[in-house]
Amino acid sequence: MSEERDMQWYVVHTYSGHENKVKTTIENTVKNRGMENIIEQVIVPTEDVVTTTKTGKEKISQRKVFPSYVIVKMEMTDESWYIVRNTKGVTGFVGPGSKPVPLTVDEVRAMGIELPASKIVSGEIDLNPGDAVKVISGAFVDNVGEVEDVNIEKKEVKVYVNAFGRKALVTLGLENIEKI
């Protein structure tokens, strides 16, 4: 049985111009320490920009979409936090105080990062009323709830979660939950 890890995307602030160095350093550290199962991916979002040279030729170059930021997909553990936080060029995680806040699935998509289609969204829906699910992104993240209804066409599910001290029925996208 493979262990399911809580991989989420975090934003790391870097010194200006150090984004690629930070990316390479984190990737090398992960490889050297055999931590691929904890820190999965490091991205510096870029886009192609077409500029015209003095001679009139078009030149395509890469431009950082979010200068001074690196996006890291990782499981937040003391060790992974320490490695990323203490990488040369990193000023810290984005979030209040010292608590990094993971990005929601919608935020990651809005950044142009391709997400693999989850089993649930790709048509292999194995959810039934009464099943227990964990909310993995959105306003009710980390809540555990009970499925009330599944709408395959709309790719959403109605779940009873504990909100404000009482049971509430909320509608969530299938990408926001995982079956437990």
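What counts as what
- Residues numbered from 1 in each chain as written.
- Predicted model: local features only at pLDDT ≥ 70, side-chain atom pairs only at ≥ 80, totals over all residues.
- Heavy atoms only, no water.
- Core = buried A, V, L, I, M, F, W, Y, C linked by side-chain atoms within 4.5 Å.
- Buried < 20%, exposed > 50% of the residue type's maximum accessible area, 1.4 Å probe, protein only.
- Helix = DSSP H or I, 4+ residues; strand = E, 2+ residues; numbered from the N terminus.
- Contact = heavy atoms within 4.5 Å.
- pLDDT = per-residue confidence, 0-100.
- Arc of directions from axis to C-beta.

Engineer: Quick question: what am I supposed to make of the nonpolar core here?
Structural biologist: For soluble globular proteins, nonpolar side chains are generally found buried alongside one another. Counting residues in each nonpolar core, the largest one holds 17 residues, and the members touching the most others are Ile26, Ile39, Val72, Met74 and Val84. For this core, the secondary-structure elements that each account for two or more residues are β1 (7-14), α1 (19-33), β2 (39-43), β5 (69-75), α2 (78-85) and β6 (90-93). Not counting chain neighbours up to four residues away, the residues in contact with Val72 comprise Gln8, Trp9, Tyr10, Val12, Ile39, Gln41 and Val42. By size, the runner-up hydrophobic cluster in this structure holds eleven residues, among which are Leu127, Val135, Val147 and Ile177.

Engineer: Just checking my understanding: could you explain the confidence of the model for the chain for this structure?
Structural biologist: As a general rule, the predicted coordinates of low-pLDDT regions are not to be interpreted in detail. With 89% of its residues at a pLDDT of 70 or more, the chain has an overall mean of 83. The secondary structure element of the chain with the lowest average pLDDT is helix α3 (residues 105-110), at 76, and the one with the highest is α1, at 95. Considering only residues more than four positions removed or in separate chains, one finds that residues 117-123, a stretch of pLDDT under 50, has seven contacts.

Engineer: What am I meant to see in α2 here?
Structural biologist: At 3.6 residues per turn, the α-helix brings residues three or four places apart onto the same side. If you check which residues of α2 are buried, you get Ser80, Ile83 and Val84. Buried residues along α2 cover an arc of 95° about the axis, so they all sit on one side. More than 90 degrees from the buried face of α2, the exposed residues found are Asp78 and Tyr82. Along its buried surface, α2 packs onto β1, α1, β2, β5 and β6.

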